[in-house]
Amino acid sequence: MIHTQLYIDGQWQAPVAGGKRAILSPADETVIAQAAEGTRDDARLAIAAARRAFDGPWRDSTIRERAKLLNKIAELIDRDAENLARLESLNTGKTITESRTDMGDIAATFRYFAGLVASESGAVNEAPHHVISRTLREPVGVCGLITPWNYPLLQAAWKIAPALGAGNTVIVKPSNLTPLTTHRFAELLAELDLPEGVFNLVTGGAEVGAELAENHDVDLVSFTGGAYAGESIMKAATGNFKRIGLELGGKNPNIVFADADLDTAVDYALNAAFFHAGQVCSAGSRLMVEDAIYDEFIARLAERLPRIVIGNGFHAETQMGPVQSAAQHEKILKLVQMGVAEGARLVHGGKRPEGAVYEKGFWLEPTLLADVSAGMKIAKEEIFGPVITAERFTSEEQVLRLANDTPYGLAAAVWTKDLDKANRMSRALRFGTVWVNDYHPYFPEAPWGGYKASGIGRELSRIGLDEYTELKHSYINLAPKPMGWFGA
């Protein structure tokens with residue numbers, strides 16, 4: 001049994017109110033951990049510690065010191081990668097293969113930002129010879145970082161690396177469903193010679209996040225999660241006009257034209273929808289197929305779906321694990337049932353797999369709903385589960401209109417051999433990432449984020465570092481003298 005604590009001001013401690021939360025295995029619903037359940041009081045302690053650290057010794061940290069820190073963190077991730085991967089799979093239900101890949105990506109994220117930070121320097125502006133004019137980037141201050149349950153440590157890394165690299169202090173609040181790898185990460189950071197209060201971990205529920213959003217000593221909040229919580233954070237942040245970054249999910253079209261490489265497009269349609277049981281903000285759950293190949297495409301998917309191996313993420317043969325929680329399991333089933341009631345054709349799935357091994361845990365078969373129309377609720381709402389909804393289209397103009405007709409704008413994909421068409425679609429689709437003849441790749445060097453209700457701001461890339469800085473113009477007059485204008 002794992003027991004976690006809070007990490008505040010360089011010390012491990014129990015929550016002020018002594019709260020705990022049982023953490024369940026998605027595979028069999030057994031209790032795998034007792035996690036510390038913090039409250040607003042704990043969040044306030046962490047905020048005060050972060051404020052002291054930012055206003056104190058951390059303010060004098062140098063670019064080289066912070067770059068060195070990020071590289072050390074990457075080394076610790078590499079050293080502990082297998083343990084972290086196993087904790088991630090235990091807590092989220094994803095396959096161990098996926099979790100191991102995540103750990104490599106996390107280390108790469110810290111190394112990327114280490115290199116970026118090390119290259120930082122202020123820009124010197126053109127000015128008169130007696131003036132030094134510089135454009136500087138300085139840390140925002142105290143940052144509240146609120147992370148989701150689907151990629152607990154990867155999403156944390158996307159925030160922690162640029163925040164610390166830019167010279168900020170942080171309070172991290174992971175999802176109360178999946179705190180285990182973030183807690184282990186804090187244990188790794190405790191090995192380093194960080195000033196007290198630079199890094200703080202407060203696990204708990206919505207009230208911890210609310211305190212981070214509302215507290216006037218927090219200068220920036222970065223949140224990844226659902227739109228409703230994001231809206232609450234955005235409203236709360238107006239109290240002191242704090243900076244916000246929001247990544248709120250998507251309804252992502254995967255568009256297949258008739259001239260696409262059919263074998264590859266079918267294969268990637270499965271990858272787009274079923275990695276981590278579809279619990280990916282950029283999942284290609286909204287499949288849109290040109291009419292001329294629609295029936296064949298659906299038939300090919302239907303042939304492969306029953307062959308997907310569902311099981312415990314630690315088994316080598318497993319291709320898809322359970323969804324993360326009972327609430328998510330229920331939500332997905334209701335959306336599928338609603339889709340069928342609205343007229344969609346259930347080709348496969350839509351229920352718990354059969355067999356004694358699936359009686360406990362949050363298991364779902366990979367699901368395909370065909371003949372979906374754009375007006376159906378299941379074509380509009382984010383499912384966040386192992387479900388593909390398939391629509392047919394007849395023209396480039398039609399599919400472009402349908403794909404853009406969503407409040408979200410995170411990611412989209414286009415499959416075609418016509419590069420002119422690919423370029424037109426890529427330019428016209430209103431999404432933060434558009435893949436052509438591929439799905440899901442991302443790099444630390446490329447920005448990540450969305451249009452419209454998919455969020456505000458960007459993570460990763462140089463832009464992701466800039467999100468954690470304030471821009472300053474420094475003007476120094478080296479030879480001041482009287483102007484003699486007023487009353488001379």
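Here, the structure is the one placed above.
How each quantity is defined
- Residues numbered from 1 in each chain as written.
- Predicted model: local features only at pLDDT ≥ 70, side-chain atom pairs only at ≥ 80, totals over all residues.
- Heavy atoms only, no water.
- Helix = DSSP H or I, 4+ residues; strand = E, 2+ residues; numbered from the N terminus.
- Rg over C-alpha atoms; globule rule 2.2 N^0.38 Å.
- Buried < 20%, exposed > 50% of the residue type's maximum accessible area, 1.4 Å probe, protein only.
- Contact = heavy atoms within 4.5 Å.
- Areas by Shrake-Rupley, 256 points an atom, 1.4 Å probe, with all protein chains shown as cover.
- Lys, Arg positive; Asp, Glu negative; His and termini not counted.
- Charge placed at Lys NZ, Arg CZ, Asp CG, Glu CD.
- Phe/Tyr/Trp six-rings, centres within 6.5 Å; stacked < 30°, edge-to-face > 60°.
- Expected span 1.5 Å × (residues − 1).
- Arc of directions from axis to C-beta.
- Pairing = 2+ DSSP bridges.
- Axes fitted to C-alpha atoms, helices over the stretch in contact; angles between N-to-C directions.
- Parallel < 35°, antiparallel > 145°, perpendicular 65-115°, else oblique.
- Left-handed = near helix turned anticlockwise from the far one by under 90°.
- Nonpolar A, V, L, I, M, F, W, Y, C, P; charged D, E, K, R; others polar.

Draft legend 1. Focus on the overall build of the protein. On a plain count of helices and strands, the protein comes out with 14 helices and 21 strands. The C-alpha atoms of the protein give a radius of gyration of 24 Å, which matches the 23 Å a tight globule of 488 residues would have. In terms of its C-alpha atoms, the protein occupies a principal-axis envelope of roughly 85 × 55 × 40 Å. Per-residue burial for the protein yields a buried fraction of 56% across its 488 residues. Excluding contacts between residues fewer than 6 apart, the proportion of contacts in the protein whose partners are at least 24 apart in sequence is 74%. Carbon and sulfur atoms make up 53% of the accessible area of the protein, which totals about 20,300 Å². When the 49 basic and 61 acidic side-chain charges of the protein are each reduced to a single mean position, those positions are 3 Å apart.

Draft legend 2. Representation of the packing of aromatic side chains in the model. Per the counting criterion, the structure on display carries 14 aromatic pairs. Taking the centre distance of 5.1 Å and the plane angle of 70° together, the rings of Y112 and F113 count as edge-to-face. Taking relative accessible area as the criterion, Y112 reaches 17% and is therefore assigned buried. A relative accessible area of 0% places F113 in the buried class. For the pair W485 and F486, a centre-to-centre distance of 6.4 Å together with 90° between the ring planes defines the contact as edge-to-face. Given a relative accessible area of 66%, W485 falls into the exposed group. Through pairs of rings, three or more aromatic residues link up here, namely Y7, W12, F110, F185 and F199.

Draft legend 3. Structural detail: helix α11 (residues 326–341). Look at α11: 23 Å from first C-alpha to last across 16 residues, which is about the 22 Å you get at 1.5 Å a residue. Residues of α11 that are buried: Q328, H329, I332, L333, L335, V336 and G339. On an axial view of α11, the arc spanned by its buried residues comes to 160°, and they lie on one face. Within α11, the exposed residues directed more than 90 degrees away from the buried face are A327, Q337 and A341. Following α11 by one or two positions, G343 adopts a phi angle in the positive range, close to 120°.

Draft legend 4. Main features of the sheet that holds strand β13 (residues 253–256). Reading across the sheet, the seven strands line up as β15-β16-β17-β14-β13-β18-β19 and stay open at both edges, with mixed pairing between neighbours. The sheet is open, and its two borders are formed by β15 (345–348) and β19 (433–436), each paired with just one other strand. Looking at each pair of strands side by side, their axes are set apart by 20° on average, direction ignored. Bridge count for strand β18 (residues 411–415) against β19 is four bridges, and the pairing is parallel. Across the sheet, the residue bridging to V414 is V436, located in β19. Along the sheet, helix α10 (residues 291–304) contacts β13, β14 (286–290), β15, β16 (367–370) and β17 (387–393); its crossing angle with β14, the most-contacted strand, is approximately 130°.

Draft legend 5. The arrangement of the packing of helix α4 (residues 96–118) against helix α5 (residues 152–165) in detail. Their axes nearest at 9 Å, the elements α4 and α5 cross at an angle of 15°. By the angle class used here, α4 and α5 are roughly parallel. You can see that α4 and α5 cross each other, and the crossing is right-handed. Seen from α4, the contacting residues are D102, M103, D105, I106, T109, F110, F113 and V117; seen from α5, they are L153, L154, A157, W158, I160, A161, P162 and G165. Considered class by class, the residues forming the contact of α4 with α5 number twelve nonpolar, two polar and two charged.

This is a description of form; function is not addressed.
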